[in-house]
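# Geometric and topological summary
If you want the building blocks of each chain, they are given just below.
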Amino acid sequence: MLRYVTRRLISLGLSLLVASALIFSVVALVPGDPASFMLGTGAQPETVAALRQQLGLDLPLPLRYLRWLGGVLSGDLGHSFTYKTPVGGMILDRMQVSLPLALMALALAALIALPIGMFAAARRGRAGDTVVMGATQIGIALPNFWFAMLLVLVFAVNLRWLPAGGFPGWDHPGAALKSLILPAFALALPQAAILARVLRSALVETLGQDYIRTARAKGLSAGQALSRHALRNALIPVLTILGMQFSFLLAGAIIIENVFYLPGLGRLIFQAITQRDLIVVQSAVLVLVAAVILVTFLVDLSYALIDPRLRR
């Protein structure tokens, strides 16, 4: 197990190094000069050149990358061109919204999908299975921003049970959690539909195995065989989807964050792109990539715990 973990950690480090180089290169190719954008179209060339020198934008790209990478390795993500504040602090503030939102949405998706997927697998080919598969297809096709606006209309405008948007901060934890409920549901619905279909397919395949028939022959009911034996062996594809969904929910919630006016990481990246704040963009994207790679690493470890054969 130790050798397996060591190999995965080396792979994780190399992946992060390659990702940092790719992110820096792509961001450096974004059209527009941050200094010219900050000073406006009427700025004198000498003023623009002085600001470029102050920001370090006049240095060669390889040197700029090495300076940025060295700062990242030492915990310094640089300072925002626009706000003149540490990028690490800005990202940390926004992660306090995006991370709980992603975790809430993922938990809701799992709570919805697991019983539905098991129900459909236990009744494969029957009316209940058909209804569940039809409902999940609708859930996948439903745009989450449209569903978000529908939730606002019903639960915020008409019933007035939950806030329509905004985030009061974690100084008021009750209000903060209430402000994340509707966006979490809006994000969770399509992910729950995908997860339910994957779980149902994995369980149906597993239920056809010989050891399941043996368990049934020993007197276990269909539900007992499904929950005690089939579910664990069907978890590997489910964990894969959960890892991908968490990465998407953390990095791809920008539309929902804008619908509910949440100060999350997605909105920070969007605002930084419009302001040509390149240091914020590349640092925030690197943090997201690191989170994705870390989640993938944890999913790989869970594979090895579920199925010891994968350690080889």
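Each remark here, short or long, concerns the structure printed above.
Residues numbered from 1 in each chain as written. Predicted model: local features only at pLDDT ≥ 70, side-chain atom pairs only at ≥ 80, totals over all residues. Heavy atoms only, no water.

A tally of regular secondary structure across the protein chain gives 14 helices and 0 strands. From first element to last, N terminus to C terminus, the protein chain shows the α and β order α-α-α-α-α-α-α-α-α-α-α-α-α-α. Counting over 312 residues, the protein chain shows a buried share of 41%. Put simply, of all contacts in the protein chain between residues at least 6 apart along the chain, 73% involve residues at least 24 apart. If you sum the accessible surface of the protein chain, you get close to 16500 Å²; carbon and sulfur atoms cover 67% of it. (Helix = DSSP H or I, 4+ residues; strand = E, 2+ residues; numbered from the N terminus. Buried < 20%, exposed > 50% of the residue type's maximum accessible area, 1.4 Å probe, protein only. Contact = heavy atoms within 4.5 Å. Areas by Shrake-Rupley, 256 points an atom, 1.4 Å probe, with all protein chains shown as cover.)

So, on to the pattern of salt bridges. A complete count under the given rule lists 1 salt bridge for this structure. Measuring nitrogen to oxygen at the nearest pair gives 2.5 Å for the salt bridge that ties Asp129 to Arg200. Linking Asp129 in helix H6 (residues 127-141) with Arg200 in helix H8 (residues 173-207), this pair joins segments that are 71 residues apart in sequence. Residue classification places Asp129 among the buried positions, given a relative accessible area of 4%. For Arg200, a relative accessible area of 19% translates into the label buried. (Salt bridge = Lys/Arg side-chain N within 4 Å of Asp/Glu carboxyl O.)

A few words now on the nonpolar core. Note on soluble globular proteins: their nonpolar side chains tend to be buried together. Ranked by size, the top nonpolar core spans 75 residues in total, and within it Ile91 and Leu265 carry the most contacts. Those residues within four positions of Ile91 in sequence are excluded, and the remaining contacts are Leu77, Leu265, Leu268, Ser283, Ala284 and Val287. (Core = buried A, V, L, I, M, F, W, Y, C linked by side-chain atoms within 4.5 Å.)

With that settled, the discussion passes to helix H13 (residues 265-274). Those residues of H13 not exposed but buried are Leu265, Gly266, Arg267, Leu268, Ile269 and Ala272. Positive phi appears at Arg276, one or two residues downstream of H13, with a value of about 55°.

Attention shifts here to H8. Across its 35 residues, H8 extends only 44 Å between first and last C-alpha, which sits more than 12% below the 51 Å expected from 1.5 Å per residue. Most pronounced at Ala188, the bend in H8 amounts to some 35°, and the proline Pro190 follows within four residues. (Expected span 1.5 Å × (residues − 1). Bend = angle between axes of the 7 residues up to and from the residue.)

What the rule picks out here adds up to 5 aromatic pairs. For the pair Phe155 and Trp161, a centre-to-centre distance of 6.0 Å together with 45° between the ring planes defines the contact as tilted. On the accessibility criterion, Phe155 (26% relative accessible area) is partly exposed. In this structure Trp161 comes out as exposed when scored by relative accessible area, which is 56%. The ring of Tyr261 is capped by Arg267, whose NZ or CZ atom sits 4.4 Å from the centre of that ring. (Phe/Tyr/Trp six-rings, centres within 6.5 Å; stacked < 30°, edge-to-face > 60°. Lys NZ or Arg CZ within 6 Å of the ring centre and 35° of its normal.)

Before going further, it helps to spend a moment on the environment of Asn258. Tracing the backbone through its elements, the reader meets Asn258 in helix H12 (residues 254-259). Along the primary structure Asn258 and Gly165 are separated by 93 residues, whereas in three dimensions their C-alpha atoms are 9.2 Å apart.

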